[in-house]
Amino acid sequence: GNSVTQMEGPVTLSEEAFLTINCTYTATGYPSLFWYVQYPGEGLQLLLKATKADDKGSNKGFEATYRKETTSFHLEKGSVQVSDSAVYFCAHKKDGQNFVFGPGTRLSVLP
Amino acid sequence: DAGVIQSPRHEVTEMGQEVTLRCKPISGHDYLFWYRQTMMRGLELLIYFNNNVPIDDSGMPEDRFSAKMPNASFSTLKIQPSEPRDSAVYFCASSLGSLAYEQYFGPGTRLTVT
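Everything in this summary refers to the structure shown in the same document. (Residues numbered from 1 in each chain as written. Chains lettered and ligands numbered in written order. Predicted model: local features only at pLDDT ≥ 70, side-chain atom pairs only at ≥ 80, totals over all residues. Heavy atoms only, no water.)

### Here we look at the overall build of chain B
Helix and strand counts for chain B come out as zero helices and eleven strands. The secondary structure elements of chain B, listed N-terminal to C-terminal, are β-β-β-β-β-β-β-β-β-β-β. For chain B, the C-alpha radius of gyration of 13 Å lies close to 13 Å, the compact-globule estimate for 114 residues. Principal axes of the C-alpha set define a box for chain B whose edges measure 40 × 25 × 25 Å. (Helix = DSSP H or I, 4+ residues; strand = E, 2+ residues; numbered from the N terminus. Rg over C-alpha atoms; globule rule 2.2 N^0.38 Å.)

Structural data, given as structure tokens:
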């Protein structure tokens, strides 16, 4: 069936550290891939997306590349800030179907 | 646009009471989703509507849960009777079209059942 697997959290980093949050997916065909972010006390919001293989989504210094050979969409940021502390959700979606969200990875960035 | 609006933001009730959560989607959006988020189970899709019609309610936990969408600008999720295990954050989200790349989430309702 369709699913999304993310690295378990919590992830704790110091400010300006490099971030990687791994995500792999299981789906038929080639879905669109997403990272959503949930800041404390808020709903999820779209961070970035990629709609076809080898596409790179980017936003706010975050990047993720759609790798169909490894069915992965790992999230990276070169230098995290305290304000990046949040829960990050990987997700996929095929046309006409619903989003499938991963379990979320909590990131804490310490000053 | 004000975004997706949910009310109340917090609800504390006693076991056995009826709870009604409310959602106003973004104007013009034709899909509406109800999710439940807990530490143990993560984010779960409960039900979604297209053009006010329920399409898939397979995620609704049991008969105590019901959802309605009487018009394009309003939806409710009702729990009757409520139980402590229903304590969670309930999110409403809306999107435009089945090809939409983004769901817009409301701020959520934190429900505590004692």
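Having seen the model, we can carry on.
### Concerning the state of the cysteines
Residue and element names in this part refer to chain A. Applying the stated criterion across every chain, the model contains two disulfides over all chains. The side chain of Cys 23 participates in a disulfide bridge whose partner is Cys 90; the two sulfur atoms lie 1.9 Å from each other. Between Cys 23 and Cys 90, the S-S dihedral sits near -70°, and the bridge is therefore left-handed. Taken together, the residues span a long stretch of sequence, with Cys 23 in strand E4 (residues 23-26) and Cys 90 in strand E10 (residues 86-93) at a distance of 67 residues. (Disulfide = S-S within 2.5 Å.)

### What to know about the interface of chain A and chain B
Contact with chain A, which involves 18 residues of that partner, is made by 17 residues of chain B. Buried area between chain A and chain B, both sides added, is near 1,500 Å², and the carbon and sulfur share of it is 56%. Our count for the contact surface shared by chain A and chain B stands at zero salt bridges. Applying the counting criterion to the chain A and chain B interface returns three residue pairs in polar contact (both at pLDDT 80 or more). Elements represented by at least two residues in the side of chain A that touches chain B include exactly strand E5 (32-38), strand E6 (44-50) and E10 of chain A. (Contact = heavy atoms within 4.5 Å. Buried area = accessible area lost by both parts, 1.4 Å probe. Salt bridge = Lys/Arg side-chain N within 4 Å of Asp/Glu carboxyl O. Polar contact = N/O pair within 3.5 Å; in protein donor to acceptor, adjacent residues only side chain to side chain.)

Function cannot be read off these values alone, since they describe shape.
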